[in-house]
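Here is how the chains run, residue by residue.
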Amino acid sequence: MNIFDAIKSLSKGIAVLIDPDKFKSKDALEGFLKKIKLAQPNFIFIGGSSVARSDFDECVEMVKKTLSIPIVLFPGASHHLSNSADALLFLSLISGRNPDFLIGHHVEAIDELEQMDIETIPTSYLLIDGGKMSSVQYVSRTQPIPQEEISIARKTAQAGKHLGHKLIYADAGSGAITPISNSMIKALSTVQSPLIIGGGLRTIKSIHDAHMSGANLVVIGNKLEEDIDFLLDLKNYMEV
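Residues numbered from 1 in each chain as written. Predicted model: local features only at pLDDT ≥ 70, side-chain atom pairs only at ≥ 80, totals over all residues. Heavy atoms only, no water.

Which residues make up the packing of aromatic side chains, and what values do they have?
Evaluated as defined, the whole model comprises 5 aromatic pairs. Geometrically, the ring pair formed by Phe74 and Tyr125 is edge-to-face, given 5.7 Å between the ring centres and 85° between the ring planes. On the criterion of sequence distance, the pair formed by Phe74 in the loop between β3 (71-73) and β4 (87-93) and Tyr125 in strand β5 (residues 119-127) is long-range, its members being 51 residues apart. Like Tyr125, Phe74 is buried. Aromatic side chains Phe74 and Tyr169 sit 4.9 Å apart centroid to centroid with 10° between the ring planes, which places their arrangement in the stacked category. Note that Phe74 is positioned in the loop between β3 and β4 and Tyr169 in strand β6 (residues 167-171), a separation of 95 residues in sequence. Note on accessibility: Phe74 and Tyr169 belong to one class, buried. Three or more aromatic residues joined by ring pairs make a cluster, and in this case those are Phe45, Phe74, Tyr125 and Tyr169. Here Lys12 stacks its cationic end above the ring of Tyr237, 4.2 Å away from the centre of that ring. Positioned above the aromatic ring of Phe4 is the side chain of Lys166, whose terminal nitrogen or guanidinium carbon lies 4.4 Å from the ring centre. (Phe/Tyr/Trp six-rings, centres within 6.5 Å; stacked < 30°, edge-to-face > 60°. Helix = DSSP H or I, 4+ residues; strand = E, 2+ residues; numbered from the N terminus. Buried < 20%, exposed > 50% of the residue type's maximum accessible area, 1.4 Å probe, protein only. Lys NZ or Arg CZ within 6 Å of the ring centre and 35° of its normal.)

Right under this line is the structure:
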């Protein structure tokens, strides 16, 4: 499966984000994966801001063994790589000005990445203010784009497209209080690159609104950690 083409073709796609740091044991992760299996989202994203290499590898292997859902890496550092995944979002944090997250980690990863047989998707990563400091903001030492600065967000995404990036990932951050506004999603969709939206999406209505505003794929993480039964709501939403 070509993951980029699959994302591009979606109009109401769902990805579940798994942060290996959130699971303290193999049993906890295995139980979570068995429940995800019932919902059958389009993708499993795996990533986190401060995950150790061993925990990252172990998580990817367990997901691969348990699920038949495509795995997409959402790396927070240069060592967040695995040949067991189907694709890698090669993220450049273009909303910030920290060179490590613009190009530095990419250079560190390249020797290992070139030895892998994995689809690599150049991705513009935009951090949007979600109403609280996110782990991405803390680790990357960058400021998010304010929700009201829609023009800045659109111009930033457009610049990323001219740099050759194929995807836009706009993220309000883990545990965001406020999801990215429908107005900003609509503006980002005018760039006409496949659009992924994450952070703060806690209701079916907010997910539906994001899709109707132009998101090809929405990413759900914290909500499922708090309320695993929300998977049933997601399943019903995807089947309509």
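Kindly report on helix α2 (residues 26-39), identifying the contributing residues and their values.
Taking 1.5 Å as the rise per residue, α2 with 14 residues should run 20 Å; its terminal C-alpha atoms sit 20 Å apart, in good agreement. Inspection of α2 places Leu29, Phe32, Leu33, Ile36 and Ala39 among the buried residues, and these make up the whole buried set. Along α2, the residues classed as buried sweep out an arc of 100° about the axis, all on the same side. Opposite the packed face of α2, turned more than 90 degrees from it, sit the exposed residues Asp27, Lys34 and Leu38. Against β1 (13-18), β2 (43-46), α3 (53-66), α9 (222-226) and α10 (230-239) lie the buried residues of α2. One or two positions beyond α2, positive phi appears at Gln40, with a value near 55°. (Expected span 1.5 Å × (residues − 1). Arc of directions from axis to C-beta. Contact = heavy atoms within 4.5 Å.)

Which residues make up the environment of Leu195, and what are the values?
You can see Leu195 is positioned in strand β7 (residues 195-198). Along the primary structure Leu195 and Phe23 are separated by 172 residues, whereas in three dimensions their C-alpha atoms are 28 Å apart.

Can you lay out the sheet that holds β2 for me, pointing to particular residues and giving the numbers?
On the basis of which strands lie adjacent, the closed barrel formed by 8 strands has the order β1-β2-β3-β4-β5-β6-β7-β8 and parallel pairing. Neighbour-to-neighbour, the strand axes of the sheet open up by a mean angle of 30°, direction not taken into account. Sheet topology places β1 next to β2; 4 bridges connect them, and they run parallel. Among the inter-strand pairings, Leu17 is bridged to a residue of β2, identified as Phe45. (Pairing = 2+ DSSP bridges. Axes fitted to C-alpha atoms, helices over the stretch in contact; angles between N-to-C directions.)

So what's going on with the packing of α2 against α3? Residues and values would help.
To characterise two packed helices, one gives the angle between the axes of the helices and the distance between these axes. Interaxial distance between α2 and α3 falls to 10 Å at its minimum, and their mutual angle equals 40°. With respect to α3, the axis of α2 lies oblique. Here the hand of the crossing between α2 and α3 comes out right-handed. Of the residues in α3, those touching α2 at Lys26, Leu29, Glu30, Leu33 and Lys37 are Glu58, Cys59, Met62, Val63 and Thr66. Looking at the contact of α2 with α3 residue by residue, the classes come out as 5 nonpolar, 1 polar and 4 charged. (Parallel < 35°, antiparallel > 145°, perpendicular 65-115°, else oblique. Left-handed = near helix turned anticlockwise from the far one by under 90°. Nonpolar A, V, L, I, M, F, W, Y, C, P; charged D, E, K, R; others polar.)

How would you sum up unusual backbone geometry? Please name residues and give values.
The phi angle at Gln40 is positive, at roughly 55°, despite the residue not being glycine. Structurally, Gln40 can be placed in the loop between α2 and β2. In this structure Gln40 comes out as partly exposed when scored by relative accessible area, which is 39%. A positive phi is found at Gln192, a non-glycine position, where the angle reads about 65°. The residue Gln192 is located in the loop between α7 (182-189) and β7 in this model. Judged by relative accessible area, which is 68%, Gln192 ranks as exposed.

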